[in-house]
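Spelled out, the chains give:
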Amino acid sequence: MSVLTCEIENGVAVATLNRPERHNALSPELICRLADLFDALAKDDAVRVVVLTGAGDKTFCSGGDLELSLPLLSGARAPETEWDDRIVADRSLVFRASLKGETFPKPVIAAINGHCLAGGFELMLGTDIRIAADHAVFGLPEAKHALIPFAGALARITRQLPQPLAMEMLLTGDTVPVAKMAAFGLVNRVVPVADVLPAALDIAHRIAANGPVAVEAIKQVVTEAIGRPLAEGYTLETRAMDRVMATEDAREGPRAFMERRKPVYQGR
């Protein structure tokens, strides 16, 4: 069975990390497959929203595999497989698999079905909306293993959590319960584990029904405006406005509203 599955229906792609016996840890194969999948989904016009989850009901993702991936990256283990060879030759695969770097163009919803740790936490930080199980815990335990987070957390976390809390998590490596993460707005909703994926899909389908060019422009501007002076953010917004208002979808949306019918968006 594949370590990563993906099903696409009605504009929504559901990608599932599928190593439940290893707490959905990111093996070299899973890293490569996830990077390849994100690359493919970014270019697929049939996909408007991505939902990312883990197999089972215990762990969303426990991070990089401490037996396979981390020793490979530190040089403690020589490459043994084609997946190892790919990562050694191109470590950007690790970053692309974690949504680090160039903004992924489509909304990504994390359906956090369990514990969200280390590289799994970093992957979650790269998503746009998060639904979490009520038993989930969150943490960045890298320092406990003499490592550092390197898949985006050090740059992203203080943009999403207060710095004192972020520093406590990073420096102690201790876990934090989902209720505290929700209180600080890191997750949108906390639900029983059986409701995590349905709740994520409900949001995904509502987004997928909207104008795809507008949705992508909203995500791009909001993401790129973070940390910039307000004037630069306004410039990004105005450029996006000019681009979106020139589309057929921008004409179809108001027309469908006035005609009291469901809009038919073409993504152009």
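Parameters at a glance
- Residues numbered from 1 in each chain as written.
- Predicted model: local features only at pLDDT ≥ 70, side-chain atom pairs only at ≥ 80, totals over all residues.
- Heavy atoms only, no water.
- Helix = DSSP H or I, 4+ residues; strand = E, 2+ residues; numbered from the N terminus.
- Buried < 20%, exposed > 50% of the residue type's maximum accessible area, 1.4 Å probe, protein only.
- Contact = heavy atoms within 4.5 Å.
- Areas by Shrake-Rupley, 256 points an atom, 1.4 Å probe, with all protein chains shown as cover.
- Lys, Arg positive; Asp, Glu negative; His and termini not counted.
- Charge placed at Lys NZ, Arg CZ, Asp CG, Glu CD.
- Pairing = 2+ DSSP bridges.
- Core = buried A, V, L, I, M, F, W, Y, C linked by side-chain atoms within 4.5 Å.
- Axes fitted to C-alpha atoms, helices over the stretch in contact; angles between N-to-C directions.

Caption draft 1: Region of the structure containing the overall build of the chain. Scanning the chain from N- to C-terminus turns up 12 helices and 10 strands. Along the first, second and third principal axes, the C-alpha set of the chain runs to 60 × 40 × 35 Å. A total of 268 residues make up the chain; the buried ones form 46% of that total. Sequence-distant contacts, at least 24 apart, represent 67% of the contacts inside the chain between residues at least 6 apart. Here the chain has roughly 13500 Å² of accessible surface; of this, 56% comes from carbon and sulfur atoms. Between the averaged position of the 29 positive side-chain charges in the chain and that of its 34 negative side-chain charges there is a distance of 5 Å.

Caption draft 2: Fine view of the side chain of Thr-16. Among the secondary structure elements, Thr-16 is positioned in strand 2 (residues 12–17). Residue class for Thr-16 comes out buried when judged on its relative accessible area of 16%. Once you skip the residues sitting within four places of it in the chain, Thr-16 turns out to touch Val-3, Leu-4, Thr-5, Thr-53, Gly-54 and Ala-55.

Caption draft 3: Focus on the side chain of Thr-53. Structurally, Thr-53 can be placed in strand 3 (residues 49–54). The exposure class assigned to Thr-53 is buried, which follows from its relative accessible area of 6%. Look past the residues within four positions of Thr-53 in its chain and what remains in contact with it is Ala-15, Thr-16, Leu-17, Phe-60, Ala-111 and Asn-113.

Caption draft 4: Fine view of the pairing of strand 2. Of all six residues that make up strand 2, six are buried, and the element is covered over most of its length. In strand 2, alternate side chains face the same way, and those of Val-12, Val-14 and Thr-16 on one face and Ala-13, Ala-15 and Leu-17 on the other are all buried. Two strands pair when backbone bridges link them, and strand 1 (residues 4–9) and strand 2 are joined in this way by six bridges, in the antiparallel orientation. The residue bridging Glu-9 from the neighbouring strand is Val-12, located in strand 2. Following strand 1, the chain reverses through two residues before pairing antiparallel with strand 2; Asn-10 in that reversal takes a positive phi of roughly 55 degrees. With six bridges connecting them, strand 2 and strand 3 associate as parallel partners.

Caption draft 5: The nonpolar core, seen in detail. Within the largest apolar cluster, 51 residues are counted, with the highest numbers of intra-cluster contacts made by Leu-34, Leu-52, Ile-112, Phe-121, Met-124, Phe-138 and Met-181. Looking at this core element by element, the count peaks at eight residues for helix 1 (residues 28–43). Core analysis: the second largest hydrophobic core is formed by 18 residues, Ala-111, Ile-131, Ala-133 and Val-191 among them.

Caption draft 6: Spatial organisation of the sheet that holds strand 7 (residues 129–133). If you trace the six strands from one edge of the open sheet to the other, you get 1-2-3-5-7-10, paired in mixed fashion. Each of the sheet's edge strands pairs with one partner strand only, and the pair in question is strand 1 and strand 10 (189–191). Strand-to-strand, the axes of this sheet are offset by a mean angle of 20 degrees, without reference to chain direction. Sheet analysis places strand 7 next to strand 10, joined by three bridges and oriented parallel. Its bridge partner being in strand 10, Ala-133 is matched across the sheet by Val-191.

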